[in-house]
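Structure assessment
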Amino acid sequence: MNLKATKTSLNPHLQKKKVVMLPREEGRKVEMATKSQFTLRPWGLRSRFNSILTMSIGLVFVLTIFITMRNGDQTEILAMEAKESSAGTCDLFSGQWVYDNTTYPLYPESGCKFMSDQSACEKFGRRDLKYQNWRWQPHGCNLPRFNATKLLERLRDRRLVFVGDSLNRNQWISMVCLLGASLPDSHKIMVSNGSLMSFKTKEHNASIDFYWAPLLVESNSDDPVHHQIPDRVARAQSIEKHARHWTNADILVFNTYLWWRRPTMKILWGSFEDEHGIHKEIDSLRGYELALNTWSDWLEFHVDHRKTKLFFMSMSPTHWSGEEWGRPSGHNCYDEAEPITEEGYWGKDTNENMMRVVEKVIMSLRGRGVNVQMLNITQLSEYRKDGHPSIYRKQWEPLTKEQQDNPGSYADCIHWCLPGVPDVWNELLYAYLFPE
């Protein structure tokens, strides 16, 4: 696999088309016909030539149908790839950040009624607000402007669900702010029920939900509040506990990555209540593959593919190692105010092997007739070392004196300030929901 291509598009390369050769028998017929032409009169020559031409065309037609039937999966994948490109004629994920304080941000932080304290960087003291003014500019085309009114109409009597970890919650809050900016307060409510949080718009009868499932499959980290468990265990073959909450969704947006970033993961065969369940500690990459295969099987057999649009967000990068962008060792995203300008910058914390697993599983789904659109937010987010909350967010525990003396020690270089980078993720989602 070409790693450079993987970083920029995440779309697997198609195989080369097979060359169809005519059988030898047909070649002999043509040769015999040629040798016997000297005995024919002019009108007979034309007649024989027309007959041979007709037979040849017919044979090629039959062979084409035969090969198409044998390679049905490949034909289907080709059609899906063509459908994917309908979001635009260029790669929306390859481009650069352009400073634009005229049209960005798309909403004010203080104007978002349901803003999360984890993302409200201005509220918690951040004074350099340039992070709100960067616009993603693809090479060779423009990203469609987010139109909240148009999307709300599309979501009338429908349900959009984000499923995953706190990065997907970050994107969900962004979507709530983007849509909520066009609605009066009396027309929108927030409902929380355990792992499920729902933003509802009364006029459109639309529901924009987030469901907490950091590993997608069942785990001992499924509590939406108390999930910081050092001895993490996943039931890699069990997803029904979560999936029953998404079944009727019209649009599903998944992610899982951050919670798998450890050398090994304990996998449980059996239930958490069963004392005889089998535990095995395996390589996290293998556990990740097992979980995504369980997820893909559920999509194949339990989703109405004619009704539901499916998306998977690629990994959101972190910025812990300042030496990667020219800072002294030990520096991180704290006190960063500008994006990285190096074209193709790729941080060492972004795991390409996990990316390949996602590609493999999604391609397998396409071969089974299930189209999941990957949204490659990785490369464009890699540039945004300035976009994290750093120290400007709610602190759930009192800071120690050591932390106060060294602010970088408690900086959040995982999540994102809002308005900010996740708004662009939703602009990309919007582009695929409304292809030009």
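All residue numbers here refer to positions counted from 1 along the written sequence of the relevant chain. In keeping with the model being predicted, local features are shown solely for residues with a pLDDT of at least 70 and side-chain atom pairs are shown and tallied solely at 80 or more, while totals for entire chains, interfaces and linings include all residues. Processing note: side-chain calculations cover all non-hydrogen atoms of the structure and skip hydrogens and water entirely.

Taking an unreviewed UniProt entry as the reference, the protein is identified by name as Trichome birefringence-like N-terminal domain-containing protein belonging to Musa troglodytarum. Per UniProt, the protein carries the Sequence similarities (unreviewed entry) text "Belongs to the PC-esterase family. TBL subfamily." UniProt positions are given in the numbering used here, feature names are shortened, and annotations may be inferred rather than shown by experiment.

Helix numbering and strand numbering both begin at the N terminus, where a helix is a DSSP run of H or I of at least 4 residues and a strand a DSSP run of E of at least 2. Scanning the protein from N- to C-terminus turns up twelve helices and 13 strands. The buried share of the protein, taken over its 436 residues, is 50%. Sequence separation of 24 or more characterises 77% of the internal contacts of the protein that already satisfy a separation of 6 or more. Note on areas: Shrake-Rupley, 1.4 Å probe, and residue coverage restricted to the protein chains presented here. Accessible surface, the protein as shown: approximately 21,900 Å² in total, 53% of it carbon and sulfur. Buried means the residue's accessible area, taken with a 1.4 Å probe over protein chains only, is under 20% of the maximum for its type, while exposed means over 50%, and partly exposed covers the values in between. By the convention used here, residues are in contact when the closest approach between their heavy atoms is within 4.5 Å.

We now examine the pattern of salt bridges. Salt bridges are defined by distance alone: a side-chain nitrogen of Lys or Arg within 4 Å of a carboxyl oxygen of Asp or Glu. According to the stated counting rule, one finds 21 salt bridges in the structure shown. Notably, a salt bridge pairs Asp185 with Lys188, separated by 3.5 Å at the nearest N-O pair. With a relative accessible area of 46%, Asp185 lands in the partly exposed category. For Lys188, a relative accessible area of 5% gives the class buried. A single network of salt bridges, built from pairs that share partners, joins Arg286, Glu289 and Lys360.

The next thing to look at is helix H6 (residues 166-180). In this model, H6 (15 residues) spans 20 Å end to end at C-alpha, consistent with the 21 Å of a helix rising 1.5 Å per residue. In terms of residue burial, H6 counts as a mostly covered element, since 14 of its 15 residues are buried. The opening residue of H6, the one whose side-chain oxygen lies 2.9 Å from the backbone nitrogen of Leu167, is Asp165. By definition here, a helix of n residues has an expected span of 1.5 Å times n minus one. We define a polar contact as two N or O atoms separated by no more than 3.5 Å, with the added condition that, inside protein, one atom must be a possible hydrogen donor and the other a possible acceptor, whereas residues neighbouring each other in sequence contribute only through side-chain atom pairs.

Looking now at unusual backbone geometry. Peptide bonds are mostly trans, and most non-glycine residues show a negative phi. With an omega of 10°, the peptide bond running from Tyr104 to Pro105 counts as cis. Turning to its location among the elements, Pro105 is positioned in the loop between strand S1 (95-99) and strand S2 (134-138). With an omega of -5°, the peptide bond between Leu418 and Pro419 qualifies as cis. Locating Pro419 in the fold gives a position in the loop between helix H11 (401-405) and helix H12 (421-433). The phi dihedral of Asp157 falls on the positive side, at around 60°, and the residue is not glycine. Relative to the helices and strands, Asp157 resides in the loop between helix H5 (148-154) and strand S3 (159-164).

You can see Ser174 is positioned in helix H6. Judged by relative accessible area, Ser174 falls into the buried class, the value being 0%. Not counting residues up to four positions away in its chain, the partners in contact with Ser174 are Tyr107, Leu418, Pro422, Asp423 and Asn426.

Turning to the nonpolar core, a few remarks are in order. In plain words, nonpolar cores are sets of buried Ala, Val, Leu, Ile, Met, Phe, Trp, Tyr and Cys residues tied together by side-chain atoms within 4.5 Å. Ranked by size, the top nonpolar core spans 103 residues in total, and within it Ile208, Phe254, Trp295, Leu299 and Phe312 carry the most contacts. Here this core gets nine residues from one element, more than from any other, and that element is H12. In contact with Leu299, not counting residues within four places along its chain, are Phe254, His305, Leu310, Leu365, Val370 and Val372. With five residues, the next largest nonpolar core counts Cys333, Ile391, Ala411 and Cys413 among its residues.

On to the confidence of the model for the protein, then. What pLDDT expresses is the predictor's confidence in each residue, scored from 0 to 100. Per-residue confidence for the protein averages 85 on the pLDDT scale, and 80% of its residues sit at or above 70. In this model residues 1-50 is a low-confidence stretch, pLDDT under 50, and it forms 51 contacts with partners more than four residues away in sequence or in other chains. Long-range and interchain partners of residues 60-86, a stretch whose pLDDT sits below 50, account for 32 contacts in this model, where long-range means more than four residues apart.

Quick look at the sheet that holds strand S8 (residues 233-235) now. Strand-to-strand pairing in sheets goes through backbone hydrogen bonds, with the strands running parallel or antiparallel. In space, the four strands of this open sheet follow the order S7-S8-S10-S11, with mixed pairing throughout. The strands lining the two open edges of the sheet, one partner per strand, are strand S7 (218-219) and strand S11 (278-283). What makes two strands pair is DSSP finding at least two bridges between them. One ladder, built from two bridges, connects S8 with strand S10 (residues 264-269); its direction is parallel. Paired with Ala234 across the two strands is Ile267, which belongs to S10. Against the sheet, helix H8 (residues 284-302) contacts S10 and S11, and its axis sits at roughly 115° relative to S11. As a rule, the C-alpha atoms of each element are fitted with a line to give its axis, helices using only the stretch in contact, and angles between N-to-C directions run from 0 to 180 degrees.

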